[in-house]
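Listed below are the residues making up each chain.
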There are 2 protein chains.
Amino acid sequence: MTAYWAESAYVDGRLAERVLLDIEGGRFANVRPDSPTGDAHILRGVTLPGFANAHSHVFHRALRGRAQGPGSFWTWREQMYGVAAALTPDGYLALARATYAEMALAGYTCVGEFHYVHHGPDGAPYDDRNAMSAALAQAAADAGIRLTLLDTCYLAGGIGEPLSPVQRRFSDGDADTWAARAADFRADPERIRLGAAIHSVRAVPRKEIPTIVAWAAERNAPLHAHLSEQPQENDACRAAYQRTPTQLLAEAGALGDRTTAVHATYVDKSDFPLLAAGFGCFCPTTERDLADGIGPARGLADAGVALTLGSDGQSVIDPFEEMRGLELDERLLSQRRGNFAVGDLLAAAGAAGHACLGWPDAGRIAVGARADLVTISPDSPRLAGIADPLAAAVFAGTAADVSNVIVDGQRIVSAGRHLSIDVANALNAAIEAVTQ
Amino acid sequence: MTAYWAESAYVDGRLAERVLLDIEGGRFANVRPDSPTGDAHILRGVTLPGFANAHSHVFHRALRGRAQGPGSFWTWREQMYGVAAALTPDGYLALARATYAEMALAGYTCVGEFHYVHHGPDGAPYDDRNAMSAALAQAAADAGIRLTLLDTCYLAGGIGEPLSPVQRRFSDGDADTWAARAADFRADPERIRLGAAIHSVRAVPRKEIPTIVAWAAERNAPLHAHLSEQPQENDACRAAYQRTPTQLLAEAGALGDRTTAVHATYVDKSDFPLLAAGFGCFCPTTERDLADGIGPARGLADAGVALTLGSDGQSVIDPFEEMRGLELDERLLSQRRGNFAVGDLLAAAGAAGHACLGWPDAGRIAVGARADLVTISPDSPRLAGIADPLAAAVFAGTAADVSNVIVDGQRIVSAGRHLSIDVANALNAAIEAVTQ
C-alpha cells in the first residue's frame, strides 16, 4: 500500500482539500478529504484524475514543425505518408516510446492509438505479422502509460479506388484477414487493451464494415472510426452510396455505445441522433493545424454524444490545450462564451476519454478506480491569481505545468521529469531516424 | 560593452550560427555569425529578437480563469468593469508590475498599454491627474520591459450614449481635456514612450476624433484604435453615421502610417484599402476567448496592412501562441494551410510590433538596433526533433520554453526566472487585492 496526500484534488466532480489517497494493487483503496498528511507522499498544488488521449497517430510526432507550408489537409497527407513509408518496427518503437513519454509529461495516463501501419513498406507482412502492434505495446509499457491499441482496418485508397503504393502497408487485403491478424495480438488486460477501428468510409468498403463491427462486438471492445473530417469525404460518400458517412456506418451496425466517431467536423445535423449512443472524439489542436474546420461540439453533446479528446497529429501534446480548445473553438463558431462547463471539459479529457478506450474504471479519483493522478505545479506564473484551480487548469494550464504523474499507482513523472526516459533526447534520436 | 554568444540566432531574416553579439549603450555594436565564444556569455538554443506586445489591457490579467461562464463579449465586459472599478494607483501598479513581469518571462520586451482607467472611481481626477499613467510607467520599469503608453481617449458609453457609472473614470470629458492631460505626462524617450488611442468609434464621438489625431501628429506618435471588434459596433456606426467604423476614422484623418487598427475582426473588404498604410493588431488568444470571431488577417496583409500581435485580455500571455494563432485561425476560416510564412509571423511579433508602438529601432538583431534578445531553451520536449528551430518556436514553442530575456542590453530573465520579481507570488497578491 502506498499513500499520497494531495493538497487539493478533483473528487466527485468538485475540488476536495487535503485528500489522503491510499493505493493498493494500482487502485484507490481509500480517498479521504480533510485528512492529515501522516507519512504519505505529498502532492503540492491541484491533483486531477489522469487524462486519456483518445485519438493518437503517434508517428505524426515526426511531422511537428515540418509540414507547415501552403496547402490543405490533402497535401499535408502526402508529407505524412513520407514518414509512414520510413517506419520500421524498431523505428516505430523508438518514436512511439519517446512520444508516449512526452504524453506522460503532459498528464496523459492512457492513449488510444489508431494504428494502421501494419506491414512492411511493400505491403508484405512482417514475420511476426503483429510486429508493429508489438512495438506500440512495448513503447507504452516503457513510457509507463496504458494503451488501447485500436487495430485499424484500412483497405482502399478511396471509395472504389486502389491503394496507393505507400498505403499498401496499411492493408490486410480484406476485413477477414484484418480480423484474424488483429485477433492474434496478445494484449495484457491490465495495461494494454485491444480495440478495432474502421479507418473511414474512404478506406473501408461498405461490404467489409460488418466484419469489423462483429469482431469488436464479440470482444465487447471499443470501435473507432474517422468520420466526416473533410467535406470531400462527405461528397465522395454521397456520390458512391447516396448516404452520409454517418448513415453508412449506422446501416452497417457500426454505431453504438462502444463506438467513437473521431472528428465529426462535417457531420450533418440530421446525423446527430445516429451518433447519440456513443462517443465523439474531438482533436481541437489538430483540427486547427490541418485546417479541417470546427465541428459541432455543442450540438453533438446536446444530442447525447459523450465528447472525448485526442492529440491526433501531435502538433501539440497538451490535454489542457485540447480541453479549452473544445470550448474556445465553439466560441469562434457561435460568438457565445461558456458553451461547456469546466467539469464537462475535465470529463471529456478524463472519465469519458478513458471510457471510449475501454477503461471505464479510470479517469476518476474514487475508491476502486485505477490510481491515475496528475498534479499541476502551484508555482506556475500562468496559473497565479486564479481563485478556482479547476478553471485555472482548464483555461490557463499547459503541459509545462504538470509536475507529477502517477499511472495505476506507479509514479512515472516527478518534478516535471519522466523518471525513466530523457524525453527530448529520445525524440531527437527517434525523429532523426525517420526523417533522413 | 557586454558580449553574448548565441548558439543560433535570427539575423536578417534567417538563422545564423554561433553569433557573437557585442552590446554597448543598450544597442548591438557588432553582430558576427560564425564566431568563437571568446569570453562572451553563452546563450544555448535559438535566440530571437524581442517580442512586442502591441495591445495590452494589463488589468484584465485579474480576470484570467474567472469569467468563463455563459454569455458574450458584452456580458464579459460587465465582469471586466468590476475589476476596473476596484483599481487604485497602488493596485494598478502592483497588478501591472506582476503582469509585465509575466510578459517578460514569455519573451515580451516591450508592451503597448491601451490605457483608459485615468481617474478616480467617481470620475474625479487624482491629485496627480496622471497618477494611473505613472503607475504603468513604474510597473514597466520595475519589470524591465519598455512601455508605449497609449493614452486612450474614452468619452461616451456608446454612440450618443452617456457614460455608465463605472465608465466615468475613463473619461476626461472632452478630447481637449484629454489632450492636455496626456501631454502633461513626462515620458522617458529611452524606455517609456507616449502614444494616443481612440478607444473606438463607440466611445469617442466623431467630432472629437480630429483633436486626438492632431495630438498624435504633432508628436509623430503612434495612434491606436479598437476597430470593428464586434458586429454591433458596425451596426451602431452605420446607424448613426451611415459609414463603417473604418470609413469614419478615415474621414477624421485617423488612418495613416502611424495608425494601428486593433482587432479589425469585422472590417469590410471595402475597408481594406483605407487601412493599408498602417498596422493591424490581431489578438488571437483574446479574440478566441471573447468569442469575437476570426478577422481577415490574410486579406488585410494582402492589402498592405502590416500585421502585429497583442495579448490584449491576458487570458494567455504567450507570444508563440499569438504567432501561430494568426496562422491557425486563418486555417479555420479558409480551410487552407500555410497562409503566413514563419518569417511573417516572427515579423508580426517582432519588428512590426515594435514599429507600431513607436520603436522602429527594435525587433531585429542588427548593428545599431536595440539589444533585445529572447532565448528558447534547447531542452524542451515540445521542440525536440524539429529540424528548423524557427518553425519549432512558432508552431510548438510556449512561454514556458523561454530561458533568457535581455532588454536594451539588460538581462531580466535567466534560466526561466525573472531576476527581480517573484512573478507568481506578485500576481497572487496583486490579483487578490483587486478581486475581493
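See the structure above.
Residues numbered from 1 in each chain as written. Chains lettered and ligands numbered in written order. Predicted model: local features only at pLDDT ≥ 70, side-chain atom pairs only at ≥ 80, totals over all residues. Heavy atoms only, no water.

Right, let's talk about the overall build of chain A for a bit. Scanning chain A from terminus to terminus reveals 15 helices and 16 strands. Long-range contacts, defined here as pairs at least 24 residues apart, represent 75% of the contacts in chain A between residues at least 6 apart. Just so you have it, chain A exposes about 14,100 Å², and 50% of that area is on carbon and sulfur atoms. Each charge class in chain A was averaged separately, 37 positive and 52 negative side chains, and the resulting centres sit 2 Å apart. (Helix = DSSP H or I, 4+ residues; strand = E, 2+ residues; numbered from the N terminus. Contact = heavy atoms within 4.5 Å. Areas by Shrake-Rupley, 256 points an atom, 1.4 Å probe, with all protein chains shown as cover. Lys, Arg positive; Asp, Glu negative; His and termini not counted. Charge placed at Lys NZ, Arg CZ, Asp CG, Glu CD.)

It is worth spelling out the pattern of salt bridges at this point. Note that side chains of opposite charge can pair when their charged atoms are close. Evaluation of the coordinates by the stated rule reveals 50 salt bridges over all chains. The partner of A:R146 in a salt bridge is A:D408, with the nearest N and O atoms 2.7 Å apart. You can see A:R146 sitting in strand β7 (residues 146-153) and its partner A:D408 sitting in the loop between β14 (402-407) and β15 (410-414), a full 262 residues away along the chain. A residue is classified by how much of its surface remains accessible, and A:D408, at 10% relative accessible area, is buried. Salt-bridge contacts for B:R18 lead to B:D34; the nearest nitrogen and oxygen are separated by 3.0 Å. Within this pair, whereas B:R18 is found in strand β2 (residues 14-24), its partner B:D34 is found in the loop between β3 (27-32) and β4 (41-49), the two being separated by 16 residues in sequence. A relative accessible area of 54% places B:D34 in the exposed class. (Salt bridge = Lys/Arg side-chain N within 4 Å of Asp/Glu carboxyl O. Buried < 20%, exposed > 50% of the residue type's maximum accessible area, 1.4 Å probe, protein only.)

A few words on the relation of the copies chain A and chain B. Taken as rigid bodies, chain A and chain B are interconverted by a rotation of 180° and an axial shift of 0.0 Å, the fit giving an RMSD of 0.0 Å. Those values place the two copies in the arrangement expected of a two-fold rotation axis. Closest to the rotation axis within chain A is the C-alpha of A:A400, separated from it by 3.2 Å. (Least-squares fit on C-alpha atoms with pLDDT ≥ 70 in both.)

The next subject is the environment of A:A96. Residue and element names in this part refer to chain A. Here A96 lies in helix α2 (residues 89-106). Distance from A96 to R61, taken between C-alpha atoms, is 8.7 Å for residues 35 residues apart in sequence. In contact with A96, other than residues within four places in its own chain, are V58, L136 and A139.

Moving residue by residue along a regular strand, the side chains alternate between the two faces of the sheet. By the bridge criterion, five bridges tie strand β2 (residues 14-24) of chain A to strand β3 (residues 27-32) of chain A in an arrangement that is antiparallel. Of the residues in β3(A), the one forming a bridge with A:L21 is A:V31. (Pairing = 2+ DSSP bridges.)

Residues and elements named next belong to chain A. On the secondary structure map, Q314 appears in the loop between β12 (306-309) and α11 (319-334). Taking the relative accessible area as the measure of exposure, Q314 reaches 0% and is therefore buried. Only 3.1 Å separates the side chain of Q314 from the backbone oxygen of D312, close enough to count as a polar contact. Among all residues touching Q314, those that are not within four sequence positions of it are S56, H57, V58, H60, R61, R64, M103 and T286. (Polar contact = N/O pair within 3.5 Å; in protein donor to acceptor, adjacent residues only side chain to side chain.)

Right, let's talk about the interface of chain A and chain B for a bit. Tallying the contact residues gives 54 residues for chain A and 54 residues for chain B. Together chain A and chain B conceal approximately 4,400 Å² of surface at their shared face, both sides included; 52% is due to carbon and sulfur atoms. Looking only at chain A, the three residues that lose the most surface to chain B are A:R288, A:L332 and A:R337, adding up to 20% of its buried area. The tally of links from chain A across to chain B stands at six salt bridges. Counting across the interface, chain A meets chain B through 22 residue pairs in polar contact (both at pLDDT 80 or more). (Buried area = accessible area lost by both parts, 1.4 Å probe.)

With that out of the way, let us pick up the sheet that holds strand β9 (residues 223-227) of chain B. Residues and elements named next belong to chain B. Spatially, β5-β6-β7-β8-β9-β10-β11-β12 is the arrangement adopted by the eight strands of the open sheet, whose pairing is parallel. In this open sheet, the two strands that pair with only one neighbour each are β5 (51-56) and β12 (306-309). Averaged over all pairs of adjacent strands, the angle between strand axes in this sheet comes to 25°, irrespective of strand direction. Against the sheet, helix α4 (residues 175-184) makes contact with β7 (146-153) and β8 (192-198), and its axis sits at roughly 160° relative to β7, the strand it touches most. (Axes fitted to C-alpha atoms, helices over the stretch in contact; angles between N-to-C directions.)

Quick look at the environment of A:A429 now. Within the fold, A:A429 resides in helix α15 (residues 423-434). Residues A:A429 and A:L48, spaced 381 residues apart in sequence, show a C-alpha to C-alpha distance of 32 Å.

So, about the packing of aromatic side chains. In this description, an aromatic ring pair is defined by two values, namely the gap between the centres and the angle between the planes. The full count for this structure, using the stated rule, is 18 aromatic pairs over all chains. Residues A:F59 and A:Y116 carry aromatic rings whose centres are separated by 6.4 Å and whose planes lie at 85° to one another, so their mutual orientation is edge-to-face. One end of the pair, A:F59, is in the loop between β5 (51-56) and α1 (73-86); the other, A:Y116, is in the loop between β6 (108-115) and α3 (131-143), with 57 residues separating them in the sequence. Comparing A:F59 with A:Y116 shows no difference in burial state: the two are buried. Seen from their ring centres, B:F51 and B:F320 are 5.4 Å apart, and the 80° between their planes marks the pair as edge-to-face. Taken as a pair, B:F51 in strand β5 and B:F320 in helix α11 (residues 319-334) lie far apart in primary sequence, 269 residues in all. Considered together, B:F51 and B:F320 belong to a single accessibility category, that of buried residues. Each member of the aromatic cluster is reached from another via a ring pair, and the members are A:F59, A:Y81, A:Y116, A:Y154 and A:F170. One Lys or Arg, A:R146, reaches over the ring of A:W359 and ends 5.1 Å from the middle of that ring. (Phe/Tyr/Trp six-rings, centres within 6.5 Å; stacked < 30°, edge-to-face > 60°. Lys NZ or Arg CZ within 6 Å of the ring centre and 35° of its normal.)

As enumerated under the stated definition, the model contains zero disulfides over all chains in all. Lacking any disulfide linkage, A:C356 is separated from the closest cysteine sulfur, that of A:C281, by 5.9 Å. (Disulfide = S-S within 2.5 Å.)

Quick look at the sheet that holds β2(A) now. Here eight strands make up an open sheet; going across it, the order is β3-β2-β1-β4-β13-β14-β15-β16 (chain A) and the pairing mixed. Each edge of the open sheet is held by one strand with a lone partner, namely β3 and β16 (417-418) of chain A.

Before going further, it helps to examine the side chain of A:N404. Positionally, A:N404 belongs in strand β14. When residues no more than four places from it in sequence are discounted, the contact partners of A:N404 are A:L43, A:L373, A:V374, A:T375, A:R411 and A:V413.

To continue, consider the packing of helix α12 (residues 342-349) of chain A against helix α14 (residues 389-396) of chain A. All names here are of chain A. For the pair α12 and α14, the least separation of the axes is 10 Å and the interaxial angle reads 60°. Both α12 and α14 take part in a crossing whose hand is left-handed. Contacts between α12 and α14 involve V342, L345 and L346 from the first element and L390, A391, V394 and F395 from the second. Of the residues belonging to the contact of α12 with α14, the class tally is seven nonpolar, no polar and no charged. (Left-handed = near helix turned anticlockwise from the far one by under 90°. Nonpolar A, V, L, I, M, F, W, Y, C, P; charged D, E, K, R; others polar.)

The next point concerns the pairing of strand β8 (residues 192-198) of chain A. Residues and elements named next belong to chain A. β8 sits mainly inside the fold: six of its seven residues count as buried. Pairing geometry for β7 and β8, over seven bridges, is parallel. Across the sheet, the residue bridging to D151 is A196, located in β8. Pairing of β8 with strand β9 (residues 223-227), which is carried by three bridges, proceeds in the parallel orientation.

Right, let's get into helix α12 (residues 342-349) of chain B. Because an α-helix packs 3.6 residues into every turn, residues spaced three or four apart end up facing the same way. Among the residues making up α12(B), those that are buried are B:V342, B:L345, B:L346, B:A348 and B:A349. Projected down its long axis, α12(B) carries its buried residues within an arc of 160°, all on one side. (Arc of directions from axis to C-beta.)

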